[in-house]
Amino acid sequence: MKPAPFEYHAPRTLDEVLARLRQAGGEAKLLAGGQSLVPAMNLRLARPQVLIDLGRVSELDYIREANGHLAVGALVHQRAAERSDAVRRDVPLLARALPFIGHPAIRNRGTIGGSLAHADPAAELPAVATALDADLVIAGPGGQRVAKPSEFFVSYFTTSLQPDEVLVEVRLPRATSSMRSAFVEISRRHGDFAIVGVALSVDLDSGRRCRAARVAIVGVGPGPVRAVQAERCLEGQVASEALFREAGQIAAKEIDPPSDIHATSHYRRRLTAVLLEDAGRQVLGPSA
Ligand SMILES: Cc1cc2nc3c(=O)[nH]c(=O)nc-3n(C[C@H](O)[C@H](O)[C@H](O)COP(=O)(O)OP(=O)(O)OC[C@H]3O[C@@H](n4cnc5c(N)ncnc54)[C@H](O)[C@@H]3O)c2cc1C
């Protein structure tokens, strides 16, 4: 199918994008990589009257090291982030999660900001942002604001972004030498969205005692779901396979996953337990 007719703009600066959004009075959609929006438009699930293409706004395409965090511009392609030495070194959890997104051809077009703004409940990047407690930098008519993942991800495909706002940057804390992370997921075929995925980030002292833990799960709720009780089970304890098994079982109990055509709620709980245990095994290994 072809999309419904729309007006197309290709501004070159963020200021121009914001001005266009204002003029459109809530009837515009931003186009980033188009990997989610274009199929939705072709199926006429989305019928924006105005399309504002971010593709030429080069000021949103950067990866910058800053004090304590790595700043990734919204327009950075997922494949570019995956290939970035800075990402691999400073935010290994992001580097581990990116290859799970579709296939290279999709990641060549799909952007970091587009995935976060799209907020698919099975998407990997919202879980990474949640596990790392990233800062999401948003530009709007009144200037910039910063949102935490807990306020940014509102529900299925819904964020706290207003129709006149643009996600401009995600700030991801740089991993210290004591931090370990893992991303694991199960999907029906390689490249499919996850049935369940687990992002794990832990800070282990020299005796492997867990100083801090963050667990974010995808595919089990309207957005990335933090397993807070599982995190509590890990914190203060010496990390071991048995401890991660226990945390996995706790996580499975504290979530309330939906049943759908892909999996039952019960199966998603079981997967969560197994995947958190698996993620734990990975962080105990030499390459985490
Ligand atoms: C076959 C296939 C398989 C896929 N598999 C996966 C997968 O396994 N995991 C996964 O996570 N994704 C998957 N995707 C989706 C892919 O990651 C998309 O790239 C992503 O969901 C959206 O990014 P985009 O840059 O393409 O955004 P677009 O499709 O251009 O936009 C998506 C939405 O975000 C809004 N938006 C985009 N950028 C901004 C911004 N800077 N500020 C505010 N709003 C913005 C748009 O207006 C639109 O509503 C798949 C896609 C395909 C086609």
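Values in this document were obtained by computation on a predicted structure and should not be read as measured data.

Calculation notes
Just so you know, the residues in each chain are numbered from 1, in the order the chain's sequence is written. For this predicted model, a pLDDT threshold of at least 70 governs which residues receive local features, and a threshold of 80 or more governs which side-chain atom pairs are given and counted, while totals over whole chains, interfaces and linings are taken from all residues. Hydrogens and water are ignored here; the side-chain numbers use all heavy atoms of the structure. A run of DSSP states H or I qualifies as a helix once it reaches four residues; a run of E qualifies as a strand once it reaches two. Both are numbered from the N-terminal end. Radius of gyration here uses only the C-alpha atoms, and the compact-globule reference equals 2.2 Å multiplied by the residue count raised to the power 0.38. In this scheme, a residue with accessible area under 20% of its type's maximum is buried, one over 50% is exposed, and one in between is partly exposed, where area comes from a 1.4 Å probe on protein chains only. The charged-residue count follows a simple rule in which Lys and Arg add positive charge and Asp and Glu add negative charge, with His and chain termini not counted at all. For charged residues, the charge sits on one atom: NZ in Lys, CZ in Arg, CG in Asp, CD in Glu. Two strands are counted as paired when DSSP detects at least two bridges linking them. Throughout, an axis means a line fitted to C-alpha atoms (over the contacting stretch in the case of helices), and angles, computed between N-to-C directions, take values from 0 to 180 degrees. Pairs of residues are marked as contacts when any of their non-hydrogen atoms sit within 4.5 Å. Here, a salt bridge means any side-chain nitrogen of Lys or Arg that lies within 4 Å of a carboxyl oxygen of Asp or Glu.

Tell me about the overall build of the protein chain, residues and numbers included.
Along the backbone of the protein chain there are 12 helices and 14 strands. For the protein chain, whose C-alpha radius of gyration is 19 Å, the value lies close to the compact-globule estimate of 19 Å for 288 residues. Taking the principal axes of its C-alpha atoms as reference, the protein chain extends roughly 55 × 45 × 30 Å. A buried classification covers 51% of the 288 residues belonging to the protein chain. Looking at charge distribution, the protein chain has the averaged site of its 35 positive side-chain charges lying 4 Å from that of its 32 negative ones.

Describe the environment of G143, naming the residues involved and giving the relevant values.
If you trace the backbone, G143 turns up in strand β7 (residues 143-147). As a C-alpha pair, G143 and L21 span 122 residues in sequence and 14 Å in three-dimensional space.

Now, about the sheet that holds strand β5 (residues 69-73): what can you tell me, with residues and values included?
Strand order in the open sheet made by the 5 strands is β4-β5-β10-β6-β7, with antiparallel pairing throughout. This sheet does not close on itself; its edge strands, each paired only once, are β4 (63-66) and β7. The average undirected angle you get between the axes of adjacent strands in this sheet is 25 degrees. Pairing between β5 and strand β10 (residues 166-173): 5 bridges, direction antiparallel. Of the residues in β10, the one forming a bridge with A71 is R171. The sheet contacts of helix α1 (residues 14-24) involve β6 (135-140) and β10, and relative to β10 the element is tilted by about 130 degrees.

I'd like a description of the side chain of E124, backed by residues and values.
Locating E124 in the fold gives a position in helix α8 (residues 124-131). With no salt bridge to any partner, buried E124 finds its closest opposite charge in R107, at an N-O distance of 8.4 Å. Apart from residues no more than four positions distant in its own chain, E124 is found in contact with A97, F100, I101, F183 and E185.

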